[in-house]
Amino acid sequence: MRRLILLLLCLPVWCAQADEPDMLLYGQARFAALTERPLEVLTLLENDHTGATHIDNDFHNEDHVLAIEASLRLGLADQAIELADHLLFTARKESHKSKARLLKARALAQQKRFDELVRWLEKSLSHLKGDMRDEAWFLVGRGYTETKRLADAARALSRISKGSIWAAYGYYNLALKYAQDDPDPSRAWVALRVAAALAGDTREGQALRDRALTVAGNLALEVQDPEKAAQFVKAVRADAMEAPSAIYLYGMSEAQAGRLRTAVRTWHRAKKYALYMPGVAETFQSIAWAYVQENLKGSAIDAYLEAISVYEKEQQQTRQLLDELRQKGFLELVRAARAEQKSTDWFLNTELVNNTPRVMFVNALMTDAGFFGQVTELLQIRDMASSLEANRRKLAILEDAYRRASGGSTRQAVNKIDRLEQRLGQLIARRNDLVGAYKEALAANDFARIGSESLLKARKRLDAVVAELKRLKGVLPGPTYRELSRRAIRLRGRLVWEDMAGMDESRQSFADRIKVLDGLIASMRDSISRLRERARNGRVHFAERMQQIQRMRARADATGDRLQRVLKTMDQAMTTEAINRLEQHLDRMARFHVRSQLALVNLYDALAVAEYAPERVRENQR
Amino acid sequence: MIRRLILTVLLTACSLSLAATKDGLIVLDDSEKGKTIGQLKPAYVDFGYRKSPRVPMNEIVARYRQLILNAPDLEVRIKALHRLLNLEALFAEQSPDGFMDESLWKVAADAYKRWLDAYPSDPDRDMYRYQLARALDMLGKPAEARRQLQQLVAESPRSPLATESWFRIAERLYSEGKWGEAERAYRSVLRAKDDN
């Protein structure tokens, strides 16, 4: 993260560039921001920064705005402030400066530096317009609220434009402060009514209104005003997060007003919600309590038995979840819950959420904005680690491929060189044989040895005929033998004549053949030499590539190890947090469980005493 | 207590971003969608009389014992103890051996001590200290029991349990041969009687 700041701060102010690269980067980063991936926003802006300046480059300035927003989403308020100060210093357009001012204010609020926040906005507010100005007044109001200057806070909130949800948020926060500090809830009610009225009809506004109404109803019950409480909580939406609390409070208002049976009917509506949600566990006990008040002891016993069974089941499931968390960690729990949620969508539509405790618990955690932010960050780092791991595998495959290719090529080249050298040896031997034969022919003056092939064959045949003639000397008649012998001598003479006649031609042909052979030998030697060179160069080429890949793998390994460590640390922290919350839930269920058991045995006890010792009971009553 | 719990949950200050998701937590029938709590039709409940089950006393005692020995909640333990002691008094004739035993008295002594430490301004402190003294007596620790009673009368001289506590202190001192101190304790009993 520090590198990002350094990079952004070190951009040379004189270096003007076209804003196209920034436009593309802005598009990517904006998409990441809109899809709740602040870490990716920062990664993109850090890795792909264009080195452009702030001058005449809206997108570059907007990239900074995104970086500040992403930093705030990740809780990096210090970094956000540094970037905002930098943007304020370098940006030329008032719109960018205004955003920087407001974002800095948000960062100060995130750091709970409320005095500084108020001072900062007092001098910045005149530069802000529209929704930014409304948010700024909200932040001023928050600053005053947190520092207990509630009248100043109310004045600040009154400056927010009509219809802005910031006013609703502001009055809600103010109401909470009134509720905490003032035993008389009148001022809190007024602020809550204003918050509810200003919240608007957006999803966010409706959620805020539900909260405000539930708090107002609760305050009314605290001061024993059931009719007012009912007025508030009746208006909470049935699909609100606060619905089970509101149902419980609505039932309580009926009970306080003496309408216990209506209370029981109301409380039954909360049974379908997950026990993890506030108000649900309470309703099970309250139903039984109301039956006791109505002197319907049989129904009360049934209700307590049901409550005990529900709390037992919840404790059992919570313990299983705790075991799972301790063994596998939070990240694995989220993964399993996601898979489970996909496979149980059909089931969730028609049945109780209580039957899918893992999904319920993970979703309940996700309703906590702080936890949701951490989970988002954790999942992004997990995705980065997975992506890096995939690339590490690709590099390993590439390295393996190079190794194989390098080994195969070298072997092929060596084999080829071997074959060529073998052939060269054969050629040299043949050439040497020929030269030897020539020298012998010259020495013996027997050119027939180097004559044409046909003459050599003819001589061989003649030699064979003469030998046969000698063998037949005694067999053949004298005149025949002599005639044949004369003819053989004439034939030999003819062959010698022909040999003599073709001697020059044979010698030339012989020289030519040796020359051809010498040329072949030289060419083959050249080829072998070139092949050796290429094999040597190939080995160097592969070695360089392999080294590059190994360096990349080493970097990827180191980054992967760092990511895994970060992931492990974050997972451990979130696992601990999730375990704490589950343990608190388990303790809460244990308390409800044991109290219901006590109430049940009290009921049994009262019935038994009434049956076995009524007189003694009367005697012992004070 | 319960309402305070809900209030704590609700009073979490509103951050700039509200709940991330409620999918998977709130599941409504089609007929309930878009409605408010006040518009939901109340559930049908049969309020007809149902005969209560008869549970024998030994099972009730067993359930109290279970709670006293195992309940993680101190308040529940103490309430169960009180009720069991009341039952013991009520059914003394039928169960002369009583319902309490040494293991329960040990738990009782521990529970009362912890309660007194945890809630120094509890208005029923005199009663808890008296019960602690009684538990210590039952565990064969008369000197510790006497100290607790002496603390009771010092802390809560106007407690309805003070006279009885003085009497028990006097008896204990008498049996220990501490005549002078016993006499002063007996005089306190008589003074209280005169006052009444």
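Residues numbered from 1 in each chain as written. Chains lettered and ligands numbered in written order. Predicted model: local features only at pLDDT ≥ 70, side-chain atom pairs only at ≥ 80, totals over all residues. Heavy atoms only, no water.

Draft legend 1. Examining the overall build of chain B more closely. Secondary structure summary: chain B contains eight helices and zero strands in total. In sequence order, chain B lays out its α and β elements as α-α-α-α-α-α-α-α. Counting across all 196 residues of chain B, residues that qualify as buried make up 43%. (Helix = DSSP H or I, 4+ residues; strand = E, 2+ residues; numbered from the N terminus. Buried < 20%, exposed > 50% of the residue type's maximum accessible area, 1.4 Å probe, protein only.)

Draft legend 2. Expanded view of the pattern of salt bridges. Enumeration according to the criterion identifies 49 salt bridges over all chains in this entry. Residues Asp518(A) and Arg431(A) are paired through a salt bridge, measuring 2.4 Å at the closest nitrogen-oxygen approach. Highlighted residues: Asp518(A) in helix 23 (residues 478-612) and Arg431(A) in helix 21 (residues 369-444), separated in sequence by 87 residues. Ionic pairing is found between Glu75(B) and Lys79(B), a salt bridge with its closest N-O pair at 3.2 Å. Here Glu75(B) and its partner Lys79(B) are both found in helix 3 (residues 74-90), four residues apart, which amounts to about one turn of the helix. Since its relative accessible area comes to 26%, Glu75(B) is described here as partly exposed. By sharing partners, the salt bridges in this structure join Glu389(A), Arg392(A), Arg393(A) and Asp557(A) into a single network. (Salt bridge = Lys/Arg side-chain N within 4 Å of Asp/Glu carboxyl O.)

Draft legend 3. Quick look at the environment of Leu128(A). With respect to the helices, strands and loops of the structure, Leu128(A) is situated in the loop between helix 7 (114-124) and helix 8 (130-146). Ignoring sequence-local partners within four residues, the contact set of Leu128(A) consists of Ser98(A), Arg101(A), Arg133(A) and Ala136(A). (Contact = heavy atoms within 4.5 Å.)

Draft legend 4. The arrangement of the nonpolar core in detail. Counting 209 residues, the largest nonpolar core has Tyr291(A), Phe330(A), Phe361(A), Met57(B), Ile60(B) and Leu87(B) as the members making the most contacts within it. The biggest single contributor to this core is helix 23 of chain A, with 20 residues. In contact with Phe330(A), other than residues within four places in its own chain, are Leu325(A), Leu365(A), Phe371(A), Val375(A), Leu378(A), Asp571(A), Met574(A), Thr575(A) and Ala578(A). Counting 12 residues, the second-largest nonpolar core is a separate cluster that includes Tyr438(A), Ile521(A), Ile528(A) and Leu531(A). (Core = buried A, V, L, I, M, F, W, Y, C linked by side-chain atoms within 4.5 Å.)

Draft legend 5. Fine view of the confidence of the model for chain A. Here chain A averages 84 in pLDDT, while 88% of its residues score no lower than 70. In the model, residues 346-354 of chain A has pLDDT below 50 throughout and makes 21 contacts with residues more than four positions away in sequence or in other chains. (pLDDT = per-residue confidence, 0-100.)

Draft legend 6. Broad picture of the packing of aromatic side chains. This structure, assessed with the given rule, holds 16 aromatic pairs over all chains. Note on Tyr112(B) and Tyr128(B): the rings are 6.2 Å apart at their centroids and 40° apart in plane angle, and the pair reads as tilted. With Tyr112(B) in helix 4 (residues 102-118) and Tyr128(B) in helix 5 (residues 125-138), this residue pair connects regions lying 16 residues apart in the sequence. What links up through ring pairs into an aromatic cluster is the set Tyr112(B), Trp115(B), Tyr119(B) and Tyr128(B). It is Lys104(A) that lies over the ring of Trp120(A); its NZ or CZ is 4.2 Å from the centre. Between Lys228(A) and the ring centre of Trp189(A), over which it is positioned, the NZ or CZ distance is 4.5 Å. (Phe/Tyr/Trp six-rings, centres within 6.5 Å; stacked < 30°, edge-to-face > 60°. Lys NZ or Arg CZ within 6 Å of the ring centre and 35° of its normal.)

Draft legend 7. Spatial organisation of empty space enclosed by the protein. Residue and element names in this part refer to chain A. Applying the stated rule across the entire model yields three cavities of 30 Å³ or more. Reported here for the second largest cavity is a volume of approximately 40 Å³. For the second largest cavity, the full set of lining residues is Tyr 276, Glu 314, Gln 317, Thr 318, Leu 321, Pro 357, Met 360, Leu 582 and His 585. Going through the elements one at a time, helix 17 (297-328), helix 20 (357-366) and helix 23 are the ones with two or more residues in the lining of the second largest cavity. Take the lining of the second largest cavity: its biggest share by element is four residues, from helix 17. Per-class residue counts for the lining of the second largest cavity are five nonpolar, three polar and one charged. (1 Å grid on protein atoms, 1.4 Å probe; cavity = no way out; pocket = protein on both sides within 12 Å on 5 of 7 lines; lining within 4 Å. Points joined across faces, edges and corners; volume = space filled by probe spheres on them. Nonpolar A, V, L, I, M, F, W, Y, C, P; charged D, E, K, R; others polar.)

Draft legend 8. Representation of the environment of Ala288(A) within the structure. Residues and elements named next belong to chain A. Positionally, Ala 288 belongs in helix 16 (residues 280-293). Once the C-alpha coordinates of Ala 288 and Thr 35 are considered, the two residues, 253 residues apart in sequence, prove to be 47 Å apart. Contact partners of Ala 288, with chain neighbours within four places excluded, come to Ala 300, Ala 303 and Tyr 304.

Draft legend 9. A look at the side chain of Ser245(A). Among the structural elements, Ser245(A) can be located in helix 14 (residues 243-256). In this structure the side chain of Ser245(A) is engaged in a polar contact, spanning 3.1 Å, whose partner is the backbone oxygen of Pro278(A). (Polar contact = N/O pair within 3.5 Å; in protein donor to acceptor, adjacent residues only side chain to side chain.)

Draft legend 10. How the structure looks around the packing of helix 7 of chain A against helix 8 of chain A. Residue and element names in this part refer to chain A. For the pair helix 7 and helix 8, the least separation of the axes is 9 Å and the interaxial angle reads 145°. The crossing of helix 7 and helix 8 is left-handed. Counted together, Phe 114, Leu 117, Val 118, Leu 121 and Glu 122 of helix 7 and Ala 136, Leu 139, Val 140, Arg 142, Gly 143, Tyr 144 and Glu 146 of helix 8 form the full contact between these two elements. Residues belonging to the contact of helix 7 with helix 8 are distributed by class as follows: eight nonpolar, one polar and three charged. (Axes fitted to C-alpha atoms, helices over the stretch in contact; angles between N-to-C directions. Left-handed = near helix turned anticlockwise from the far one by under 90°.)

Draft legend 11. View of helix 13 (residues 226-234) of chain A. Residue and element names in this part refer to chain A. For helix 13, the complete set of buried residues consists of Pro 226, Ala 229, Ala 230, Phe 232 and Val 233. Relative to the axis of helix 13, the buried residues are bounded by an arc of 165° and lie together on one face. Each element contacted by the buried residues of helix 13 is listed here: helix 11 (186-198), helix 12 (203-222) and helix 14. (Arc of directions from axis to C-beta.)

Draft legend 12. Focus on the packing of helix 2 (residues 57-70) of chain B against helix 4 of chain B. Residue and element names in this part refer to chain B. Taken N-terminus to C-terminus, the directions of helix 2 and helix 4 make an angle of 45°; their axes are 9 Å apart at the nearest point. Considered as vectors, helix 2 and helix 4 are oriented oblique to each other. Judged by the sense of rotation from one axis to the other, the crossing of helix 2 with helix 4 is left-handed. Contact residues: Arg 65, Ile 68 and Leu 69 in helix 2; Ser 103, Leu 104 and Val 107 in helix 4. Looking at the contact of helix 2 with helix 4 residue by residue, the classes come out as four nonpolar, one polar and one charged. (Parallel < 35°, antiparallel > 145°, perpendicular 65-115°, else oblique.)

Draft legend 13. Looking closely at helix 9 (residues 150-157) of chain A. All names here are of chain A. Here helix 9 has its buried residues at Leu 150, Ala 153, Ala 156 and Leu 157. Seen along its axis, helix 9 keeps its buried residues to an arc of 115°; they face one direction. Contacts made by the buried residues of helix 9 are with helix 8 and helix 10 (165-181).

Draft legend 14. Representation of unusual backbone geometry. All names here are of chain A. Backbone geometry at Lys 112 places phi at a positive 60°, although glycine is not the residue there. Examined against the element boundaries, Lys 112 turns out to sit in the loop between helix 6 (94-110) and helix 7. When its relative accessible area of 58% is taken as the criterion, Lys 112 is described as exposed. In this structure, Lys 148 takes a positive phi of about 65° despite not being glycine. Position of Lys 148 relative to the elements: it lies in the loop between helix 8 and helix 9.

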